Amino acid sequence: MDISVVVPLYNEAESLPELTQWIERVMLANNFTYEIIFVNDGSTDRSWEVITGLAKQNPCIKGVSFRRNYGKSPALNTGFARAQGDVVITMDADLQDSPDEIPALYKMITDEGYDLVSGYKQKRYDPLSKTIPTKLFNATARRVTGIKNLHDFNCGLKAYRNKVVKHIEVYGDMHRYIPYLAKLSGFTKIGEKVVHHQARKYGTTKFGLDRFVNGYLDLATLWFTGKFGGKPMHFFGLLGSLMFILGFIAVVVVGCVKLYNMHHGNHYILVTDSPYFYLALTLMLLGSQLFLAGFVGELVARNSPRRNDYEIDSEF
Ligand code: UDP
Ligand code: MG
């Protein structure tokens, strides 16, 4: 099979028939063999009825339905697990992404050898309250992830080599960072294609402004786990040891100063009267706490069933 189109959706009943027809039209015109996997993320409207209705007319349509709403990432992950096509396309259900982009995206994967191609909504039809934070968000993501050529990490329209979606695990709200997840799994040929974007025709957006706060927190998590997830001691141990040593030296200095002054008959103050003593104490306490955190982290990492899970590309 050439293409799997994975569509996560939550309360998008009005858009679904139009979206399906549009995808079918494009597939037919290009002679692709395909499947459309609708992942109903616990919709409370008629979405699931609409999907089962559509599937009756076209055997290429498959559906999965969650009993409750989990979020876009779990929906994508579920669709990915079922995708059989050589190229997997994800797109939003709200008609903001255009199926007309599919053939070009497909070619970039099959002919140009990309592992992942992300859409770039250069001209967006979204309110300013969304586009400005998005710019900032993408600039940060580019820096932190080191994927310099992406302008739109969170574009719903993306294409993947099948192998990529089978190797990444999208959970929580991590759909915003799929290119980074792919990179962390060793898929580095990541490209971008400018795509058309439309204003939402039916229904309303499912994400509020909290997406930006959560987005940054998730980025911090991914960066940290990507860098130190397997060796937490390298982070906490270094920081902890440095702080402890600094505190220890400071305590020794405070003590020596007192002894020196005492010995030479100068005026001296008690160690516990010196503010530096408390600073040094704090440093030593925090340092050993951090060190311990690293140690506990190592114990956790050591017991992870995935500690020896490597991405093997080929073997003979
Ligand atoms: N979506 C989902 N589960 C959710 C929220 C959203 O499956 O909990 C789907 C939604 O139906 C749509 C896509 O994710 O197909 C993108 O959502 P939306 O269009 O609301 O996001 P925006 O375009 O505002 O970023
Ligand atoms: Mg949308």
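Whatever comes next refers back to the structure up there.
Residues numbered from 1 in each chain as written. Chains lettered and ligands numbered in written order. Predicted model: local features only at pLDDT ≥ 70, side-chain atom pairs only at ≥ 80, totals over all residues. Heavy atoms only, no water.

On to the overall build of the protein chain, then. For the protein chain, the helix and strand inventory stands at 10 helices and 7 strands. Computed over its C-alpha atoms, the radius of gyration of the protein chain comes to 27 Å, more than 25% above the 20 Å expected for a compact globule of 316 residues. Principal-axis analysis of the C-alpha atoms gives the protein chain an extent of 100 × 55 × 35 Å. A total accessible area of about 17300 Å² is found for the protein chain, and carbon and sulfur atoms account for 60% of it. Each charge class in the protein chain can be summarised by its mean position, and for the 35 positive and 31 negative side chains these summaries are 4 Å apart. (Helix = DSSP H or I, 4+ residues; strand = E, 2+ residues; numbered from the N terminus. Rg over C-alpha atoms; globule rule 2.2 N^0.38 Å. Areas by Shrake-Rupley, 256 points an atom, 1.4 Å probe, with all protein chains shown as cover. Lys, Arg positive; Asp, Glu negative; His and termini not counted. Charge placed at Lys NZ, Arg CZ, Asp CG, Glu CD.)

On to the nonpolar core, then. Counting 35 residues, the largest nonpolar core has I3, V5, V7 and F38 as its most contacted members. Listed by contribution, the elements that provide at least two residues to this core are strand 1 (3-9), helix 1 (16-29), strand 2 (34-40), helix 2 (47-57), strand 4 (87-90) and helix 4 (102-110). Sorting elements by how many residues they give to this core places helix 1 first, with 6 residues. When neighbours within four sequence positions are excluded, V7 is seen to be in contact with L19, I36, I37, F38, V39, M91, D92 and A93. (Core = buried A, V, L, I, M, F, W, Y, C linked by side-chain atoms within 4.5 Å. Buried < 20%, exposed > 50% of the residue type's maximum accessible area, 1.4 Å probe, protein only. Contact = heavy atoms within 4.5 Å.)

Here the focus is the layout of surface pockets. When its volume is computed, the largest pocket comes out at roughly 1200 Å³. Residue lining of the largest pocket: 28 residues in total, with L184, T225, G226, R306 and D309 positioned closest to the centre. The set of elements that each furnish at least two residues to the lining of the largest pocket consists of helix 6 (162-167), helix 7 (178-184), helix 8 (210-228) and helix 10 (275-303). Considering only enclosed or pocket space, the second largest pocket measures out at about 780 Å³ in volume. Listing elements by their share of the lining of the second largest pocket, those giving two or more residues are strand 1, helix 5 (128-145) and helix 8. (1 Å grid on protein atoms, 1.4 Å probe; cavity = no way out; pocket = protein on both sides within 12 Å on 5 of 7 lines; lining within 4 Å. Points joined across faces, edges and corners; volume = space filled by probe spheres on them.)

A few words now on the packing of helix 1 against helix 2. Two quantities define a packed helix pair, namely the angle between the axes and the distance from one axis to the other. Where helix 1 contacts helix 2, the two axes come as close as 10 Å, and the packing angle between them is 35 degrees. Remark: the crossing between helix 1 and helix 2 carries right-handed chirality. Contact residues: L16, P17 and T20 in helix 1; S47, V50, I51 and L54 in helix 2. Partitioned by chemical class, the residues of the contact of helix 1 with helix 2 number 5 nonpolar, 2 polar and no charged. (Axes fitted to C-alpha atoms, helices over the stretch in contact; angles between N-to-C directions. Left-handed = near helix turned anticlockwise from the far one by under 90°. Nonpolar A, V, L, I, M, F, W, Y, C, P; charged D, E, K, R; others polar.)

Scope: geometric values only; no functional claims are made or implied.
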